[in-house]
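Listed below, chain by chain, are the residues.
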Amino acid sequence: MTPRLDDYQGKLLAEVIEGRFGLAFNGVRQDILASRLETRLRTLHLQDFMEYYQYLRAHPDREAEFSELTRRLTNNETYFFREPQHFEVITRHVLPQLSLQRGARPLRVLSAGCSSGEEPYSLVIALQNAGLELGGITWEIDACDLNRDRLEQAREGIYEPNSLRACEDEVRRRYFTESAGRFTLRPRHRKGVNFFEANLANAVTGMGWPTYDAILCRNVLIYFNEPTFFAVIARFARALAPGGYLLLGHSESLIDKVPEFVPELVEGVVVYRRTGEL
Amino acid sequence: IEPLCRRHPQALDAALPALLKDADSRVRRGTLLAGPFRSDQLHFMQAALLDPDPEVRAAACWALGNLADPASIQPLLERLQLGTSSERAAAVAALGRMPGEVLQGLEPLLASTAPEHVVAALEVVEHAKSRLFDTRVLELVKDPGSKIRRAAFRVVAVMDGPRPEIVLLRALADSDEGVQVEALNLLVRRGGELVVKTLLALLGTDSSLRTNIIRALGRLRAAEATPMLESMFTSCQLHERIEIISALVRIAPPGIMRFLRDRLQDRDSEIRRVAAHGIADLVGVDDFPLLLELTESADWPLRHEAVRGLARLKLPACRPALLELVRDLEPVVGQAARKALAEAQGGPAATVR
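The shown structure was predicted, so the numbers you read here are calculated from the model rather than taken from an experiment.

Thresholds applied
Residues numbered from 1 in each chain as written. Chains lettered and ligands numbered in written order. Predicted model: local features only at pLDDT ≥ 70, side-chain atom pairs only at ≥ 80, totals over all residues. Heavy atoms only, no water. Helix = DSSP H or I, 4+ residues; strand = E, 2+ residues; numbered from the N terminus. Buried < 20%, exposed > 50% of the residue type's maximum accessible area, 1.4 Å probe, protein only. Contact = heavy atoms within 4.5 Å. Areas by Shrake-Rupley, 256 points an atom, 1.4 Å probe, with all protein chains shown as cover. Pairing = 2+ DSSP bridges. Axes fitted to C-alpha atoms, helices over the stretch in contact; angles between N-to-C directions. Phe/Tyr/Trp six-rings, centres within 6.5 Å; stacked < 30°, edge-to-face > 60°. Lys NZ or Arg CZ within 6 Å of the ring centre and 35° of its normal. Salt bridge = Lys/Arg side-chain N within 4 Å of Asp/Glu carboxyl O. Polar contact = N/O pair within 3.5 Å; in protein donor to acceptor, adjacent residues only side chain to side chain. Nonpolar A, V, L, I, M, F, W, Y, C, P; charged D, E, K, R; others polar. Right-handed = clockwise from strand over helix to strand, strands pointing away. Core = buried A, V, L, I, M, F, W, Y, C linked by side-chain atoms within 4.5 Å. Left-handed = near helix turned anticlockwise from the far one by under 90°. pLDDT = per-residue confidence, 0-100.

1. Section: the overall build of chain B
- Counting its secondary structure elements, chain B contains 24 helices and zero strands.
- Burial analysis of chain B (353 residues in total) assigns 52% to the buried set.
- A separation of at least 24 residues holds for 57% of the contacts in chain B among residues at least 6 apart in sequence.
- Looking at chain B as shown, the accessible area adds up to about 16900 Å², and 53% of this sits on carbon and sulfur atoms.

2. Description of the sheet that holds strand β10 (residues 269–274) of chain A
Residue and element names in this part refer to chain A.
- Read from one edge of the open sheet, seven strands run β6-β2-β1-β7-β8-β10-β9, paired in mixed fashion. Two strands close off the open sheet at either side, each with one partner strand: β6 (193–197) and β9 (261–266). Taken pair by pair, the neighbouring strands of this sheet meet at an average axis angle of 25°, ignoring direction.
- Judged from the five bridges that link them, strand β7 (residues 212–217) and strand β8 (residues 240–248) form a sheet pairing that is parallel. Residue Tyr-212 lies in a different strand from β8, and its bridge partner there is Leu-240.
- Packed onto the sheet, helix α5 (residues 85–102) meets β1 (107–112), β7, β8, β9 and β10 and runs at close to 180° relative to β8.
- Each of β2 (139–145) and β6 touches helix α7 (residues 148–156); the most contacted strand, β6, lies at about 165° to it.

3. As for the packing of aromatic side chains
- For the coordinates displayed, the defined rule picks out nine aromatic pairs over all chains.
- The interplanar angle of 50° and the centroid separation of 6.4 Å between the aromatic rings of Phe-80 of chain A and Phe-81 of chain A together place this pair among those described as tilted.
- By relative accessible area, Phe-81 of chain A is classed as buried at 18%.
- Consider the rings of Phe-176 of chain A and Phe-183 of chain A, whose centres lie 6.4 Å apart with planes at 85°: the pair is edge-to-face. With respect to class, Phe-176 of chain A is no different from Phe-183 of chain A; both count as buried.
- Connected via pairs of aromatic rings, a cluster forms that spans Phe-80, Phe-81, Phe-87, Tyr-159, Phe-176 and Phe-183 of chain A.
- Sitting over the face of the ring of Trp-300 of chain B, Lys-11 of chain A holds its NZ or CZ atom 5.9 Å from the ring centroid.

4. Notes on the interface of chain B and chain A
- The partner chain A presents 16 residues to the 25 residues of chain B that form the contact.
- Taken together, the links from chain B to chain A amount to four salt bridges.
- For Arg-57 of chain A, the salt bridge is made with Glu-270 of chain B, and the minimal N-O distance between the two is 2.7 Å.
- For the interface between chain B and chain A, the tally reads 12 residue pairs in polar contact (both at pLDDT 80 or more).
- Broken down by secondary-structure element, the contributors of at least two residues to the side of chain B that touches chain A are α14 (177–190), α16 (210–219), α18 (238–251), α20 (269–282), α22 (300–313) and α24 (331–345) of chain B.
- Each residue belonging to the side of chain B that touches chain A can be placed in one class, and the counts come to seven nonpolar, nine polar and nine charged.

5. Remarks on the pairing of β2 of chain A
Residues and elements named next belong to chain A.
- Most of β2 is tucked away, with six of its seven residues classed as buried.
- In this structure, β1 lies alongside β2, joined through six bridges in parallel fashion. Across the sheet, Ser-111 pairs through a bridge with Ala-143, a residue of β2.
- A crossover links β1 with its parallel partner β2, the connecting element being helix α6 (residues 118–129), and its sense is right-handed.

6. Thoughts on the nonpolar core
- One finds Leu-32, Leu-122 and Leu-229 of chain B to be the most contacted residues of the largest nonpolar core, which totals 140 residues.
- The element that contributes the greatest number of residues to this core is helix α10 (residues 115–128) of chain B, accounting for eight residues.
- In this structure Leu-122 of chain B touches Leu-110, Val-137, Leu-140, Ile-148, Ala-151, Ala-152 and Val-155 of chain B, once residues within four positions along its chain are discounted.
- Counting 39 residues, the second largest nonpolar core, distinct from the first, contains Leu-95, Tyr-121, Leu-151 and Ala-154 of chain A.

7. Let's talk about the environment of Met-228 of chain B
Residue and element names in this part refer to chain B.
- As for its position among the elements, Met-228 is in helix α17 (residues 226–232).
- On the accessibility criterion, Met-228 (30% relative accessible area) is partly exposed.
- Each C-alpha atom, one on Met-228 and one on Leu-203, is 8.4 Å from the other, the two residues being 25 residues apart in sequence.

8. Focus: the side chain of His-45 of chain A
- Inspection of the secondary structure puts His-45 of chain A in the loop between α2 (29–43) and α3 (49–58).
- Beyond its immediate chain neighbours, meaning those up to four positions away, His-45 of chain A contacts Arg-150, Gly-178, Val-181, Glu-182, Asn-185, Arg-215 and Arg-219 of chain B.

9. Things to note about the packing of helix α7 (residues 73–82) of chain B against helix α8 (residues 85–96) of chain B
All names here are of chain B.
- Running from N to C, α7 and α8 cross one another at 145°; their axes reach a closest spacing of 8 Å. Every pair of crossing elements has a handedness; the one defined by α7 and α8 is left-handed. Taken together, the residues of α8 that come into contact with α7 (itself represented by Ile-73, Leu-76, Leu-77, Arg-79 and Leu-80) are Glu-87, Arg-88, Ala-91, Val-92, Ala-94 and Leu-95.
- For the contact of α7 with α8, the residue count by class is eight nonpolar, no polar and three charged.

10. Considering the sheet that holds strand β5 (residues 182–185) of chain A
Residue and element names in this part refer to chain A.
- Sheet architecture is open: three strands sit in the order β3-β5-β4, paired in antiparallel fashion. The two strands at the open ends of the sheet, each matched to only one other strand, are β3 (158–159) and β4 (176–179).
- In this sheet, β5 lies alongside β3 in antiparallel orientation, the contact comprising two bridges. In the sheet register, Tyr-159 faces β5, and the bridge partner there is Phe-183.

11. Section: the side chain of Glu-270 of chain B
- Counting through the fold element by element, Glu-270 of chain B comes out in helix α20.
- Take Glu-270 of chain B: its relative accessible area is 4%, and that puts it in the buried class.

12. Some remarks on the environment of Arg-186 of chain A
Residue and element names in this part refer to chain A.
- By the secondary structure assignment, Arg-186 is in the loop between β5 and β6.
- As for Arg-186 and Gly-157, which are separated by 29 residues in sequence, their C-alpha atoms are 8.2 Å apart.
- Leaving out residues up to four positions away in the same chain, Arg-186 has contacts with Arg-173, Arg-174, Tyr-175, Phe-176 and Thr-177.
- Here Arg-173 takes part through its backbone oxygen, which lies 2.8 Å from a polar atom of the side chain of Arg-186.
- A polar atom in the side chain of Arg-186 sits 3.1 Å from the backbone oxygen of Phe-176.

13. Side note on the confidence of the model for chain B
- Looking at chain B, the pLDDT average stands at 90 and 96% of residues meet or exceed 70.
- With pLDDT under 50 throughout, residues 347–353 of chain B is counted as low confidence; its partners more than four residues away or in other chains account for nine contacts.

14. A closer look at the pairing of β8 of chain A
Residue and element names in this part refer to chain A.
- With eight of nine residues buried, β8 is to be regarded as a mostly interior element.
- Each parallel crossover has a hand, and the one from β7 via helix α10 (residues 226–239) to β8 is right-handed.
- In the sheet, β8 pairs with β10 via two bridges, with the strands oriented antiparallel. Among the inter-strand pairings, Tyr-245 is bridged to a residue of β10, identified as Arg-273.

Below, the structure written as structure tokens:
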């Protein structure tokens, strides 16, 4: 039976997690937390979440457990061509807008919180389908996530059917090979993607990022508490070229929150443009 | 389809064959998971084991498990060996519901060179409480693979007689810490004459298992462990001290409240918190002033424990303190105080302001 995470235990765990990662787990998100940590309780032979909290606070092996924790805290709910309008915005709007600024260099995009790679690979497919290769346009896509296991899966490019739930049969056949109920993305659609481990909440992570033309960070910021949220946005502002685009999930907004970004409505989608000279 | 099957089992009886042929695999799966199948419909479920969708095949395994008809053992064994991970899990669960004396078909799996097959077969033996393979299981507790040993010890734990206790106690010296902890937990669950005595002997050894031994003694409510736990408290590391406090709270020996009260002065906040938790668990009428002190703590978890303690006491004198705590700056504390007041009045928490 699943141990119950009551409000008190949830608050204690949330404090530990927030202190460590800047991730906010309040209210309804405690349910998510409980379901994700259930296996850790079993593995560590702990009876309830109070014991798990004490483990994180005092056990000599707690550092290793924090690494395990990161793998479970991030939302891995992702699939190919999720909110596909964002990819159209990049191919039909961002690229033409930035063509002068970009010159002959590749388009540079960051997929922040990329999980197992569905987002950056969807972007590659969208760029290829837009015929950009024929026009001599190349791209470099950096993709980072906190979860090492997910990144490993991203590099392998092998997916369960759930990751392809927005793909019709024709799309599955065209971009994937199927074996034993799993789908392997064809090598041609993995071109130009560089995966790396990073905690967006950690200031050190942001150092050395190049200047991007666009950053996709969808359904990630909802997990951050307010100070971390603004710190991450400031890091994005530094990492984006002036005039560059930040694309967030549909439930996330920067409107009237930070001066570094101004909202723009593009093809029915709200995107955020980095202020400053082009 | 699942809610429909559960709500209207009789009305759907005649439609089950058609639903199992539905083009949508979700309908086939839902029908298998919730359909009111009878023994004479076994062939429908067995046919579903050949479905192209692995999730439907897994659902068929679950459905066959519900009927627990030995005629399904062979096809379930095939899914256990050849299926996807969800099919294997479902097949193990289904086979585990079969009568233990008809599981001879597991013998080749228990002799298999594939560890996952051996582990799966052991899980079936454990759940079915089959006695057909006792000799083989006792061989497998010495297997080089720790996963196999762990699974074998879990089977030993459900065996009858005095021998399993000896086998599990020996497992405390296993080379793999995971196996040691598994054995320890199995011993706690199973109990036995020698367990506490052995654990007390092991308590003196400085090993990574000691934390788990302390916890086990607490779960066993081993009063004879109290002097040793108290005497080693000051020399232990923080995580062991936390375990000792928790164990002593479970054992609840005479004088425990004074021990816990002293811990409230500890310089480490975790010690203070776990001591306050214990005070709230064991509080008596005489401890009311102590709870009032805790309500004034700067550390919100201590105030929360004060609320728990006051709620447990159920004294009229607790009400003013709880009313004060309703307005606590920490919402979790205020919410707990509201709930405690409502329970004292016999009404829902929301009615208390």
